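Chain and residue survey
The residues making up each chain are set out below.
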Amino acid sequence: MKRNIFITILSGFLMLPSTMAAETDGNSGSGSPLTAHTIGFELRPAWVPPTNSYLRREYPEDPNISSTVSPHLRYSFKFSPDTKEGAFYPHTYQGIGLSYTQFFEDTDLGHPVTLYLFQGSRIASLSQRLSLDYEWNFGASAGWKKSHPLDPYPLKPVGSNVNAYINLSFLLSYKIDRRWTFTAGVEGTHYSNGNTHLPNSGINTLGGRIGMAYRFGDDKSEMRPEIKPDFKRGMGYDLTVYGATRQRIFYEYPDSEGEYIPGSFGVVGLNFAPMYAFNRYLRAGISADFQYDESANIAKYHVPGTYDEDIKFYRQKFKDRFSAGLSLHAELTMPIFSINVGIGRNLIADGRDTEITYQTLALKAYIIKGAYLQAGYQLRDFHHPNNLMLGVGYTFGTR
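Owing to the predicted nature of the structure, the values given are computational and were not obtained by experimental measurement. Every chain is numbered on its own, with residues counted from 1 as its sequence reads. Two thresholds apply to this predicted model, a pLDDT of at least 70 for residue-level local features and 80 or more for giving and counting side-chain atom pairs, whereas whole-chain, interface and lining totals are computed over all residues. No hydrogens and no water enter the side-chain calculation; it runs on all heavy atoms of the structure.

Considering the environment of T189
Runs of H or I in DSSP of at least four residues are treated as helices and runs of E of at least two as strands, each being numbered from the N terminus. Note that T189 resides in strand 8 (residues 180–192). Sequence-distant contacts of T189, that is, excluding residues within four places in its chain, are made with Y165, I166, N167, I203, N204 and T205. Polar contacts, as counted here, are pairs of nitrogen or oxygen atoms within 3.5 Å of one another; within protein the pair requires one atom able to donate a hydrogen and one able to accept it, and residues that are adjacent in sequence qualify only if both atoms are side-chain atoms. Within the structure, the side chain of T189 is placed 2.7 Å from the side chain of N167, a separation counted as a polar contact. What makes two residues a contact is simply this: any of their non-hydrogen atoms within 4.5 Å.

Considering the environment of Y54
Tracing the backbone through its elements, the reader meets Y54 in the loop between strand 1 (34–47) and strand 2 (67–79). Owing to a relative accessible area of 3%, Y54 belongs among the buried residues under this scheme. Distance in space between the C-alpha atoms of Y54 and N64 is 9.1 Å, their sequence separation being 10 residues. Only protein chains enter the accessibility calculation, which uses a 1.4 Å probe. A residue is then buried if its area is under 20% of the maximum for its type, exposed if over 50%, and partly exposed in between.

A few points about the packing of aromatic side chains
Note on aromatic pairs: the rings of Phe, Tyr and Trp (six-membered ring only in Trp) are paired at centre separations within 6.5 Å, and the planes decide the class, stacked below 30 degrees, edge-to-face beyond 60, tilted for the rest. Tallying each qualifying case throughout the model produces 20 aromatic pairs. A ring pair is formed by W144 and Y191, whose centres lie 5.0 Å apart and whose planes are at 65°; its orientation type is edge-to-face. Of this pair, W144 sits in strand 6 (residues 130–144) while Y191 sits in strand 8, placing them 47 residues apart in sequence. The class of W144 is buried, set by a relative accessible area of 2%. You can call Y191 buried: its relative accessible area is 4%. Every member of this aromatic cluster is reached through a ring pair, and the members are Y93, F103, Y116, F118, W144, Y165 and Y191. Throughout this description, the term charge over a ring refers to an Arg CZ or Lys NZ atom that lies within 6 Å of the ring centre and within 35 degrees of the ring normal. For R74, the ring lying beneath its charged end belongs to F118, and the centroid distance is 3.9 Å.

What about the pattern of salt bridges?
A carboxyl oxygen of Asp or Glu within 4 Å of a side-chain nitrogen of Lys or Arg is what we treat as a salt bridge. According to the stated counting rule, one finds 18 salt bridges in the structure shown. Of the charged contacts in the structure, one is a salt bridge between E135 and R74, with a shortest N-O distance of 2.8 Å. Here E135, found in strand 6, pairs with R74, found in strand 2; they are 61 residues apart in sequence, far enough to count as distant. The two residues E135 and R74 agree in class, both being buried. Among the ionic contacts, a cluster of salt bridges with common partners joins E42, R44, R74, E135, E187 and R209.

What to know about the pairing of strand 2
Sheet analysis places strand 1 next to strand 2, joined by 12 bridges and oriented antiparallel. Paired with T38 across the bridge in strand 2 is S76. With 2 bridges joining them, strand 2 and strand 4 (residues 102–103) adopt antiparallel strand pairing. Within strand 4, the position partnered with V69 by the bridge is Q102. The rule for pairing is simple: two strands pair if DSSP sees at least two bridges between them. As judged from the 6 bridges shared by strand 2 and strand 3 (residues 93–100), these two strands associate in the antiparallel manner. Looking at the pairing, L73 lines up with L98 of strand 3.

Structure, rendered in structure tokens:
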């Protein structure tokens, strides 16, 4: 399911040039909404922090994995200043990248290949040629060697062959000339599958990146637009429906060793969020959140005497599987994409699994005006992964 959602987002993204062409302002002489087409190559060496028992080598069988390197091939573009996107965000670029990750010490985790979308923009101009930028990457990473939940210890930290890839970087960008740009900076990366498969402790890396990019065609992105559109502040209303699958661990007692429950459970949810657009970058508001988790509070319904592959549970009551809460949200809005973060508390809940404080991080991709695809992630108590939030939505009113 996760791979299908990502492919849908990617397909929609690749259709954006034709979509934006239809919405280009009539003042554009060439009629093209895109400019500054760029091809780039990067190397990203990184350290792998020992964030779980496998990476800390708590068992003799565990390999010594502490570093990695990834070559990246990337394509990006900007919007013309004759479009609303280009007029509001002249320094913003977006594109698609492909990378290969090599773990030096051992091949026990595999050598994943990652396909991802990215977007970046300027934080500050340090000189006429030098700028401080930020960039995020989001995509799917395939080719991991997974661990099965029923395998004996030690367990690898990934339970699926395909994992989500999330990256944030801060960069210095130096324009060598009108065609070539040199970049260098620092980054952090997270790989995991959102509890769709267990184990899911994930892999994190901290490192640097260095690269060169070549621009072909004209760069009109920093030209002063003939007419700069007015930004309209106001309320917008986001309605999102999402779903995912997840796996569970059963703890007979709070301090007992966990036992993986075979199979997967479904999660569906709905969010309704009135959001006020303060400026072209920021929206904020409150969301009413409703979620049904087929696995919630399942430990209370364990059939005594059943364990391992024959473990059984009675069907929970609906009130044990349903929760409703309120959350506060802030959203960074850019061309095509929005990044939304939230923190909330369930007000209607019954049981340890649903009486929680939860946190969300979601990427929205606006494929057509008002309608978006969402890839999100929910945590509980700031560090326990809960479930993915893969869905569709629509913004009524002002984005």
